[in-house]
Every structure is written in structure tokens, then in C-alpha cells.
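Architecture at a glance
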Amino acid sequence: MFSKLRLATACKAGELSGRLSIKLGRGRGETLSGRVILALDTHAISKLSAGRDIVLVSGTNGKTTSTRNLANILRDFAGEGVSTSESGANMPAGIAALLAQLPRNRFAVVECDEMYLPEMYQKLSPKVIVLLNLSRDQLHRTGEVRKVSNLWHQAFTNDDVTFVIDRDDPFLEHAVSQAGHVIRVSFSGRRHPDAATCPNCAAILDWSTSDYACACGLGAKLPDVRADKRLDGPQRNTVLVIEAARLMGAEILADEATDLINKAPDRIHTFTAGGKVVPTHLAKNPESWRQALGDVLADQVVLSVNARGIDGRDTSWLWDIDYAKLRGKRVICTGERRLDVAYRLSVQGIEVSVASSFAQAVEEFTSEPIQAIVSYTAYQDLLAAELGITTGNGGVQ
Ligand SMILES: [Zn+2]
């Protein structure tokens, strides 16, 4: 009885502080709300998860988009309300706020930061965990890929949850090698840039085909689902999401699945600057930059990088990317760290110039098509400017 009262008080106080935060213009209020809830009831996450059917979504790239996609698919195909976070808050405070939301639907789709996944797995007792991929991130975030893979490997030893993984990623295969139930999805293999050696035994991985193999047995388990090799990153994530939705009880026919994969959501938003339209990729780390660069077809490109909080103040990750696809194009760098990007590109022999703002960079081009790749806060600034909101962070005008 006392435990229930404590939780109810914590949730009420969290709701009020969240509302206050929004009123004071300090963001959506989720993180503050969650912090208040957890300060008043340290067991709130476990209590709020009890009796619910929860999916956790984690991985380096595509977490927020895939979480939203899965929530939408579950709503459409299972015909029930789904609790989820719209903002991408994926640490304990954000997760507590999401679970406290009313109505507390039976289904909850929860995005989870890689480093918190073992803890949230224990506290939320999810039915399904979707692991999208593991690739190099900014150093301040999760450190080495191997570290995350080992952390997960040590945590996932029970058989009370079903994992859905892209088994072409050897780090994910290692992460779930002690887990009881795994749906392995394969896209006919593809080389992982950080997996020269085996995540399990450190021997040299055999990549003589497009797939990997090791004498220790890593990669020997056959896939449960085989999907098209030609799918891009967002489409591959959608295949995993569909498998998770099916495990949650959604009936998705084959042609409906194909339709969902064809319409896979991507992090591209078309901004307008000076009357010109600029399809813009949000890219936050080396792997998402690689994917974004692969999508750049225009000969005129704007790159915008900041180094605030969530972007990481350390821009060394820029050196983990191969920019060869930009050769021969006209590239303009902007954002607070435009000189870092410009120097990195010049080392690779790519001609660049710099501009003081996104709008000015676009103005330098006299015609379309123009494409852009921007870091997280640069993207938020563009969205805020589009909505007429002042960010107070030297927003891109
Ligand atoms: Zn091995």
C-alpha cells in the first residue's frame, strides 16, 4: 500500500515538474519529470513496468526512428494504444517519464541508450529486445564497440526475453551468444569496419566471403530470417522492427511488410533557405555519416557540425569517416566546428570552403540540387529556425 502511494506521489510530482519545465521554456520536461520520479521512488521503473508488454530498442544508429516506427506499426497492426517517447530520451530519467505517462498502455516501446541497456533489461523485464547495430560512436558516448558488445554479452544470460538482431553484425552475434531466444535476421552479410578480429576470442575473423566466420563458432548459427541484400540502413532496421512487432502479436502479412520496408522512415528533412530546397540528413556518428554520404547525389553539398553537449565536444570522430564520395563536388562547411570539418576534408584532398551559417552556405550556390549533412544540434537549430523558435544557442539563421 505504502509502495503504491509512494509511486503515485512520485509520478504526480514528476508530472508537475515536467509541466513547469515546459512553461519555463526549458524543453519538453521529460528528463526533469523522470528525475523527480526517480528521486522520490528509486524503484519507479520496475513498478511502472510490471504487467506490461515492453520492447526495448537499442544500437548505435536509428534508435529513435526505429522506436517511433515500431510504436506506429504496433498501433496499426495490434490495434492497441502504445506508450513511447517522441523525443528520443533514452536514459533512465527519460524512460521513467515515458512509463509514467497516462494512459499506461499495455504496450510500451522504449528506446534505450547502449550503456544503460543491461540495467533497463533487468528493471523493465521486456518481452523483446531489438538490437539494430553496433558501430563506432563518438568517444565521449559509448567508447569502443567491443566494450559495449562485451557488456551486453555478460548481461544477456537469461532466456526470459527474445532478441531480434541483425546477425551480419558480429558484435551483436557476440552480445547474444549466451541468450536463450534470438531471432537472427540476415541481409546476406556485409563487412563490418571494426571487426577485423573476433569479438569473442580475438582471433582474426575470416571475411573471405561477404560473411564472417571464426573457429570459435561465432557466426555459425543459421539466420531465422533472410532479407534482401540491397536494403539500406533504415530499411534493414524496419525489417528488424517488423519481426519485433510480430513477436508482440501483430499480424503483418508479407505484402504489408514489403510496403513498410519500402516506406522505411529516414532522418532526412527538407529545409528551405533563400528559396532553395535542401534535403538534409541528420548524422551523428561515423556510421550514420557513411550512410548519409552514400545518399549524396547532388554536386553541391553543405556540411554543418557543432560540438555542443549531445554532439560531443571532441570532434575526433570526424577522422573515422571516409569522405571520398565528396571528391569533385562543391562542398561548403558551416556550423561552429566548420574549420575542423574543412581541415579533415582538405587532408583527404577534397576542396572545401566555409560559410558562417547554413543560410549563407546555401546562398553561395546559385542553383539546386543541394544536399546537406548536419550534426545533431545543427539539425535542431534548423528545425527551431523553421518553426520560428529562438534556441539561444547561436541558432542557424
Ligand atoms: Zn572467435
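So, here is what we can say about the structure in this document. (Residues numbered from 1 in each chain as written. Predicted model: local features only at pLDDT ≥ 70, side-chain atom pairs only at ≥ 80, totals over all residues. Heavy atoms only, no water.)

1. Some words on the sheet that holds strand E5 (residues 162-166)
Spatially, the seven strands line up as an open sheet ordered E2-E3-E1-E4-E5-E6-E7, and their pairing is parallel. Two strands in the sheet have a free side with no partner beyond their single neighbour: strand E2 (82-84) and strand E7 (225-226). Taken strand by strand, helix H9 (residues 233-247) contacts strand E4 (128-131), E5, strand E6 (181-186) and E7, and its axis lies near 165 degrees from that of E5. (Pairing = 2+ DSSP bridges. Helix = DSSP H or I, 4+ residues; strand = E, 2+ residues; numbered from the N terminus. Contact = heavy atoms within 4.5 Å. Axes fitted to C-alpha atoms, helices over the stretch in contact; angles between N-to-C directions.)

2. Considerations on unusual backbone geometry
A negative phi angle characterises most non-glycine residues, just as the trans form characterises most peptide bonds. Backbone torsion omega between Leu102 and Pro103 reads -5 degrees, so that peptide bond is classified as cis. Note on placement: Pro103 falls in the loop between helix H5 (92-100) and strand E3 (107-111). For the peptide bond that leads from Glu368 to Pro369, omega is 0 degrees, which places it in the cis range. Topologically, Pro369 is positioned in the loop between helix H13 (358-364) and strand E13 (371-374). At Ser125, a residue that is not glycine, the phi angle is positive and equals roughly 40 degrees. Looking at where Ser125 falls in the secondary structure, it is placed in the loop between helix H6 (117-124) and E4. Positive phi outside glycine occurs at Ser188, with the angle close to 70 degrees. One can find Ser188 in the loop between E6 and E7.

3. Section: the packing of aromatic side chains
The geometry of an aromatic ring pair is captured by the separation of the ring centres together with the interplanar angle, meaning the angle of the planes. One pass over the structure, following the stated rule, counts eight aromatic pairs. Taking 5.4 Å as the distance between ring centres and 85 degrees as the angle between the ring planes, the aromatic pair formed by Tyr121 and Phe156 counts as edge-to-face. Residue Tyr121 is found in helix H6, and its partner Phe156 is found in the loop between helix H7 (145-155) and E5; the two are separated by 35 residues along the sequence. Of the two residues, Tyr121 and Phe156, both sit in the buried class. Each ring, one from Trp319 and one from Tyr343, has its centre 5.8 Å from the other, and the planes form 65 degrees; the classification is edge-to-face. Separated by 24 residues along the polypeptide, Trp319 in the loop between strand E10 (300-304) and strand E11 (330-334) and Tyr343 in helix H12 (residues 338-347) bring together distant segments of the chain. In this structure an aromatic cluster arises from ring pairing among Tyr121, Trp152, Phe156 and Phe163. Of note, Arg106 hangs over the ring of Phe107, and the distance from its end group to the ring centre comes to 4.3 Å. (Phe/Tyr/Trp six-rings, centres within 6.5 Å; stacked < 30°, edge-to-face > 60°. Buried < 20%, exposed > 50% of the residue type's maximum accessible area, 1.4 Å probe, protein only. Lys NZ or Arg CZ within 6 Å of the ring centre and 35° of its normal.)

4. Section: a nonpolar patch on the surface
Together, Trp319, Tyr343 and Val347 make up an exposed nonpolar region whose accessible area comes to about 340 Å². Structurally, Val347 can be placed in helix H12. Classification of Val347 as partly exposed rests on a relative accessible area of 48%. (Patch = residues over 30% accessible without salt bridge, like charges linked within 9 Å, V, L, I, M, F, W, Y side chains within 5 Å. Areas by Shrake-Rupley, 256 points an atom, 1.4 Å probe, with all protein chains shown as cover. Salt bridge = Lys/Arg side-chain N within 4 Å of Asp/Glu carboxyl O.)

5. Quick notes on the packing of H5 against H6
It is at 11 Å that the axes of H5 and H6 come closest, and there the two elements cross at 30 degrees. By the angle between their axes, H5 is roughly parallel relative to H6. Relative to H6, the crossing made by H5 is right-handed. Packed against H5, whose contacting residues are Pro92, Ile95 and Leu99, the element H6 presents Glu119, Met120 and Leu124 at the interface. (Parallel < 35°, antiparallel > 145°, perpendicular 65-115°, else oblique. Left-handed = near helix turned anticlockwise from the far one by under 90°.)

6. Describing the nonpolar core
Ranked by size, the top nonpolar core spans 45 residues in total, and within it Leu99, Leu131, Phe156 and Phe163 carry the most contacts. Broken down by element, the residue count for this core peaks at five residues, all from H5. Structurally, this core is a two-domain feature, drawing no fewer than three residues from each of domain 1 (1-41) and domain 2 (43-262). Among all residues touching Phe163, those that are not within four sequence positions of it are Ile129, Leu131, Phe156, Val176, Ala179, His181, Val182 and Ile183. Core analysis: the second largest hydrophobic core is formed by 30 residues, Leu70, Ile73, Phe107 and Leu132 among them. (Core = buried A, V, L, I, M, F, W, Y, C linked by side-chain atoms within 4.5 Å. Domains from an automatic or database assignment.)

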